[in-house]
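Chain and residue survey
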Amino acid sequence: MENDIRRVFSDGGLLSKVFMDIRGRDYDFNPVQLSYALAVVNTIKVGGSRKQTPIGMLQGETGTGKSLGYLIPLMLHSAQTGKRVAVSTYTLQLMDQLWRDEIPVAVEVIKRLTRRILKPARRIGMQNFLSLERIEERLDEEKDATWRRALESMRGIATSNDTDGLVQEWLEQFGDKYRSHPDILPGLYELCVTSLESDSDAKYLKHLKLSHDADMLLTTHATALLHALSWFRVLDDSDDDARETRTLVFDEADRIPDAAAGIFCDKVQIRHCIGLMKRVEKESGVKLSKFIKPCEETMGWFEQQYRKSFGSPAGDTSSHYVHLGRVPSSVRAAALWHARGLRKSLEAAADQCKPRSPLRGDIKQEIASLDRFLASVKNGGGVDDRTVTPTLNWSPRLKYAGFESYPMFPGNLLGRYWARTEHDKTGMLDSVVLTSATLSATAGDPAARFLDLRIELGLARSYKGPIDAPAPFAPHDFGRVSYVLADPRKNSVPKPCKGVIDAEDIAETDHLWIKYAGSMAREAAKHGRTLVLCNSYSDTDAIGELIPGALVHKRGQKLTEIKREFTKRGNTYSALVTPVGWEGLDLKGHIKNLVITRLPYEPLDELRMKCMIDYLATRGIGKEHAEGYARRHYRARAIRKFGQGHGRGIRGKDDKITVWVADPRFALPEYWSEDQRLDADWHHQNHAFLAMIPERFRLGDDSAYAQAKVFLWDGKKGRVIEQEKRAAAPSPKKRISFRRA
């Protein structure tokens, strides 16, 4: 297999010939891609020959050529052995890119190499498909002319022989037309398939058939996790003679824990349940007030518990959680009584639904989530064996109250893919490859490189199988970067949040920092089109207002829609300002500048911290070490997100980009400590994020990072300054001492 891979990826090899035939251009030889592909082969070829599944943990920076680097070895393995293989991604954007650009090339390479034509197929969740039945029912009752035109266009997508019936297809064709309507786009996913109770959803059934017959599947982390949760009945056909998926590559593998949390974090919002019951009233004509009133009383009980636990601070807009393992037994008993009452009300509403009403499926989902919440209340509401913690959630601003099951390390579920037990060997994969550009949040120490991710995925303590974790793969010459960093002086630029060093907690954003970040982004946009990455929609709105001609991403808009608007309008927009473009956004050829407004720490979730510490304590880890891990966990997530954001700048070998960082906590090169213009007291300098800058841009006196400029600010105007002519080495007497993160 290694010889075949060298033949494909060598200079002037088979891949180069296929590229010329398919795309009309040559393929640049990339020795790092060849090394990466051979590392994938090294994991795949030993699959099935050991007692436990071999796992490859491969970090490849942008420019490595990861996509074809794992697709071709994986599909070659399928062609040579006849086994089913699969690739899983976190974002639909990467899935679409692989399906559109990379997989056709890989299929042609395998065809010429082995004379076998492999059948690839996508496998995505049913909620991505328009439901013809729901569309027809909505058309029967809808009076609004605009809504009716939108529904008719959806029916066309759902029935046409030229479409797959996907929501995304409708958005691409008609999304712009109905964007201004307040209800159509937000209500779109209520018209999707949620169950297979009807035979009218032929598009989804066809999708299932194609995926079951495929040699290579392309799916999402969420679907791959559901496959494990169902004991391997999602990706593969249930027939006894059906082929099982035996080798899996997880791209964007560092996002598996997030995908798992999205699946296993059950939230039941009482206001939403009341809304469902009122819709049943309207549909059936049966009054449900005797069931709705107790739900409204439950919301009042939630508010009482909030006031007892947190008081009622003026202007408090954050959501609050009550850990049921940390409350008196009387409160816990009352919570169970209210949850069971809500369940009874929902069951009564479901009984009044029409047999095939979409509302029935929605209500059944809420009941299932409530059942999981009730099951998680065990041993006084503490952390149970499934590491799920029951909580109460209250938002004083939105008046949202709900029951929530809070998972700890839900990514451990992935262990079903590689765990072998004495009594059950079904579903075990031959081999697994975990890969990403930001697989590790640390640089240097090989022993610690993937430790936090291994803990998240259950690979740190219980897994005893072979793990291949070579040094990160990085291209030697891929793109050009220059840096403009934040003014570090405390008396000039404040930190983004008042009184906070690292995790943002719920601290108030400093309006002076907003002005500084907006000034920097405005300056960047003067030098070419700019992508501005923010941490929240509130930051996005505030900073976007300060940039003339900017396209500002509003809450509720899909990233694919906002990207299409920005790219197809040429130079109409000076900048794209978004809080969700840190990953999966490819603007190659459309931007000259990338602005990272602040270090992307998440709000510090005290409840999650406490739950995590409780869980680790049950595993014999002391409180001090547990608290240290919990905080490192938050920092690692922020560092990875910074790396993902940094990667939005360089998407091609010839790209040139200027990266601007508006957070004064981001570490300046040490040479700046010699500059007399910055001789005032500096902010805490966080060096941990430097690990996400590729070494070719970071190391050496002549590197792009070492040559970084600073955006100086006087409170009103900013200007870019370069370093003064420096000596061969900084003077130790004048060197500023940096406290490392």
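Residues numbered from 1 in each chain as written. Predicted model: local features only at pLDDT ≥ 70, side-chain atom pairs only at ≥ 80, totals over all residues. Heavy atoms only, no water.

Description of the pairing of strand β15 (residues 575–578)
Residues of β15 alternate between two faces, with Ala575 and Val577 on one and Leu576 and Thr578 on the opposite face, all of them buried. By the bridge criterion, three bridges tie strand β14 (residues 550–552) to β15 in an arrangement that is parallel. Counterpart to Leu551 in the pairing with β15 is Leu576. In this view, the connection linking β14 to its parallel neighbour β15 by way of helix α19 (residues 559–568) has right-handed handedness. (Buried < 20%, exposed > 50% of the residue type's maximum accessible area, 1.4 Å probe, protein only. Helix = DSSP H or I, 4+ residues; strand = E, 2+ residues; numbered from the N terminus. Pairing = 2+ DSSP bridges. Right-handed = clockwise from strand over helix to strand, strands pointing away.)

Here's the deal with the side chain of Asn30
You can see Asn30 is positioned in the loop between α2 (14–23) and α3 (31–44). What makes Asn30 buried here is its relative accessible area of 16%. Leave out the neighbours within four places in its chain, and Asn30 touches Gly63, Thr64 and Gly65. (Contact = heavy atoms within 4.5 Å.)

Notes on the sheet that holds strand β18 (residues 709–713)
Spatial ordering of the open sheet is given by β14-β15-β13-β16-β17-β12-β18-β19, a layout of eight strands whose pairing is mixed. Of all strands in the sheet, those with a lone pairing partner are β14 and β19 (718–721), marking the two edges. Recorded for the sheet is a direction-independent mean angle of 20° between the axes of neighbouring strands. Of the strand pairs in this sheet, β18 and β19 are connected by four bridges, and their pairing is antiparallel. Residue Trp713 lies in a different strand from β19, and its bridge partner there is Gly718. (Axes fitted to C-alpha atoms, helices over the stretch in contact; angles between N-to-C directions.)

Topic: the packing of aromatic side chains
For the coordinates displayed, the defined rule picks out 17 aromatic pairs. With a centroid separation of 5.2 Å and an interplanar angle of 80°, the aromatic rings of Phe302 and Phe403 are classed as edge-to-face. In this pair, Phe302 sits in helix α13 (residues 289–310) while Phe403 sits in strand β9 (residues 400–407), placing the two residues 101 residues apart along the sequence. Like Phe403, Phe302 is buried. (Phe/Tyr/Trp six-rings, centres within 6.5 Å; stacked < 30°, edge-to-face > 60°.)

A closer look at the nonpolar core
Membership of the largest hydrophobic core comes to 50 residues, with the highest contact counts inside it found for Ile5, Leu15, Leu71, Ile72 and Val87. Of all elements in the fold, only α1 (2–9), α2, α3, α4 (66–81), β2 (84–89), α5 (92–114), α9 (202–213) and β4 (216–220) reach the threshold of two or more residues within this core. Sort the elements by how many residues they give to this core and α5 lands first, with ten residues. In this structure Leu71 touches Val87, Leu98, Glu102, Ile103, Ala106 and Met216, once residues within four positions along its chain are discounted. Formed by 46 residues, the second largest nonpolar core is a distinct cluster that contains Leu559, Phe666, Met692 and Val710. (Core = buried A, V, L, I, M, F, W, Y, C linked by side-chain atoms within 4.5 Å.)

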